[in-house]
Amino acid sequence: MRTLLYGKYLIKGAGKMREIIKDGAVCVEGSVIKDVGSFKVLSKSYRYDRKIGSDKHIVMPGLINSHDHGNGISLILRGILDGPLEAWVQEFFYRGMEGWNTYDNVMLSCINQIENGVTCFVNHYYSPFDLLDYDRHVKDIGSAVRAGIDSGGRVLFAPAFTNQNYCTYADESFLQTLPEEIKRYFKLGIATDKDKAERLKLYMKVFKDIHRKYDSKDERVRIYLGPSNVHWVSDDAWKEIKKTAVSLQTGIHTHLVETRYQAQYGSKFLGKTPAKHLEDLGILGPEVSCAHSIWLTREDISVLAKTGATAVHNPSSNLRLFNGIAPVLDMKRAGMSVAIGLDGANINDERDMFQEMRLCSLLHRVPGVQASHLSSEEILDMNLIGGSKVALSEIGAIEIGRKADIILVNMARFTTPFVSPKLSLIDLLVLRAKGSDVDHVMINGDLVVRNKRFLKADKSKLLRGMRKWRERDSELDQNLAKLVAHVRSFYQKWDEGEPTYRMNFM
Ligand SMILES: [Zn+2]
């Protein structure tokens, strides 16, 4: 199958190699970009099975969502409001995914992303079924992987792994403060060495199984290791995970210092920062991507830059979960690789990477006439070049020989009534476009959205099925409220002696 995609503008290449071709076109053969150039030349050079585009379209690389958890329905719609992560995460774990068809949930998440122009996504997937509930866990993980594959997206699937500190970052002291009935209700306990080892063994079994079954069998699919975070994973497990990633030549995707308490975990329990701890364990490297990376020290930034690991910036999620602003300007100055993720929690509660890039542009504007900020070009490159590093593959640019992950964005809405000729196309996109402006989406040469219609599944039918969700369980609600209150007061003590965070305080 040979396809011609064309538009008023085409964004060829990325970074220093970026070039805007007016009246540009791209010839796609099979899954690969065969030729890029002017519409006039390309339309005559080959015979095509189909031609898609118009003089209202921008042809550009598909966007990359470098951190997500594959949750289809908004947590706000499910009554789970944003809150400080340590409290919010209790609701997410106990409430966020119950009563749910995993396949449909993940499929909806994929559809929402693809429709908005995201062609490649990380799914750092948390199963609602515990690893020790092995058969149901395995079945659930299988459904989540298959939904991603069936959606037509480019999938980086990283099953999440935790084997310590299940409730707080210091369960041993926390559980002493907790009434017996709450501990019993949620089956909370301290992870013993035996428990840690058992979970690691089961995780490796599940991971190796799905890796053997799915990794690179379809060229759109990679299976990564997904350790949850430094405080949630034992050192032995980190080492085993690294060894496995190296031997299977695959990626490691994790969270890192998302909150101030996670940074404090380093000083309280490791005697160093969590990033330094990962370096000392020999974990960091170009195959490692770390979501959030908000509370890094300057030394952490040089460590990450030196090892070639990528930080995934999640601007909306960081604000929504009270975690602050990641030091992205410092990361860029240090030459660190930075990507962008939606984390299932975009500012407008939709899966819109264009608006996420816009928030990224607004967030890193340092007050003052020296005007340090990220340019629209840098932000698009973070998404595409940083994202292709997370994907460990040559995507993120329209260039001959690369995989054809391409979107056509309709400019009509955001160029009305006119556009100044001095405005750059990249500024126009980053500062004005929305996911809903995307008309056509091609992934790996396959047309997945045409004229805003998702072609791989019946979205309306999917949504109709989801309306039958079961009602909330009030007993769980009451106990959760009690648990959350204890968690909040536990961390309040960690605040003592710490500098108060105040915006614009003089
Ligand atoms: Zn996350």
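So, how was this worked out
All chains use their own residue numbering, which begins from 1 and follows the written sequence. Per-residue local features of the predicted model are confined to residues with pLDDT of at least 70, and side-chain atom pairs are confined, for both listing and counting, to 80 or more; whole-chain, interface and lining totals are unaffected and use all residues. Values reported for side chains reflect all heavy atoms of the structure, with hydrogen atoms and water molecules removed beforehand. Only DSSP runs of H or I reaching four residues or more are called helices, and only runs of E reaching two or more are called strands; each is numbered from the N terminus. The span one expects for a helix is its residue count, reduced by one, times 1.5 Å. For every residue, the accessible area obtained with a 1.4 Å probe (protein chains only) is divided by the maximum for its type, and the residue is called buried under 20%, exposed over 50%, and partly exposed between those limits. Two N or O atoms count as a polar contact when they lie within 3.5 Å, although within protein this holds only if one can serve as hydrogen donor and the other as acceptor, and sequence-adjacent residues are included solely when both atoms are side-chain atoms. What counts as a domain boundary in this text is fixed by an automatic or database domain assignment. What makes two residues a contact is simply this: any of their non-hydrogen atoms within 4.5 Å. The term buried area denotes the loss of accessible surface (1.4 Å probe radius) that occurs when two parts are joined, taken as the sum for both partners. Salt-bridge detection follows one rule: a side-chain nitrogen of Lys or Arg within 4 Å of a carboxyl oxygen of Asp or Glu. Gly falls in the polar group here, along with every residue not listed as nonpolar (Ala, Val, Leu, Ile, Met, Phe, Trp, Tyr, Cys, Pro) or charged (Asp, Glu, Lys, Arg). For two strands to be treated as a pair, DSSP must find at least two bridges joining them. If the strands point away from the viewer and the path from the first strand over the helix to the second runs clockwise, then the crossover is right-handed.

Visitor: Looking at this structure, how should I read helix 3 (residues 102-115)?
Guide: Three- or four-residue spacings in an α-helix give side chains the same orientation, since the helix completes a turn every 3.6 residues. Here helix 3 spans 20 Å end to end across 14 residues, near enough to the 20 Å set by a 1.5 Å rise per residue. Across the 14 residues of helix 3, 11 count as buried, placing the element largely inside the fold. Listed as buried for helix 3 are Thr-102, Asn-105, Val-106, Met-107, Leu-108, Ser-109, Cys-110, Ile-111, Asn-112, Gln-113 and Ile-114. Two to three positions downstream of the cap, the backbone nitrogen of Tyr-103 sits 3.0 Å from a side-chain oxygen, assigning the N-cap of helix 3 to Asn-101.

Visitor: Sorry, what's going on with the domain arrangement of the protein chain here?
Guide: Think of interface size as the accessible area that goes away when the parts come together; that is how it is often given. Each domain of the protein chain was delimited in the assignment, giving domain 1 (2-61 + 401-464) and domain 2 (63-390). A straight line from the C-alpha centre of domain 1 to that of domain 2 covers 30 Å. At the interface, 35 residues of domain 1 touch 31 residues of domain 2. Summed over both sides, the interface of domain 1 with domain 2 buries roughly 2,800 Å², with 63% coming from carbon and sulfur. Summed over the shared surface of domain 1 and domain 2, the number is four salt bridges. Among the salt bridges present, the one from Glu-219 reaches Lys-403, with a minimum N-O distance of 2.8 Å. Taken together, the elements giving at least two residues each to the side of domain 1 that touches domain 2 come down to strand 4 (50-61), strand 14 (406-410), helix 16 (425-432), strand 15 (438-443), strand 16 (446-450) and helix 17 (459-466). With six residues, the single largest contributor to the side of domain 1 that touches domain 2 is helix 16. Residues belonging to the side of domain 1 that touches domain 2 are distributed by class as follows: 20 nonpolar, six polar and nine charged.

Visitor: Explain the pairing of strand 7 (residues 154-161) here, please?
Guide: Note on strand geometry: in a regular strand, side chains alternate between the two faces of the sheet. The buried fraction of strand 7 is high, at eight of eight residues. Here strand 7 shows two buried faces, one formed by Arg-154, Leu-156, Ala-158 and Ala-160 and the other by Val-155, Phe-157, Pro-159 and Phe-161. By the bridge criterion, six bridges tie strand 6 (residues 118-125) to strand 7 in an arrangement that is parallel. Across the sheet, the residue bridging to Tyr-125 is Pro-159, located in strand 7. Handedness of the β-α-β unit built from strand 6, helix 4 (residues 134-150) and strand 7 comes out right-handed. In this sheet, strand 8 (residues 221-223) lies alongside strand 7 in parallel orientation, the contact comprising three bridges.

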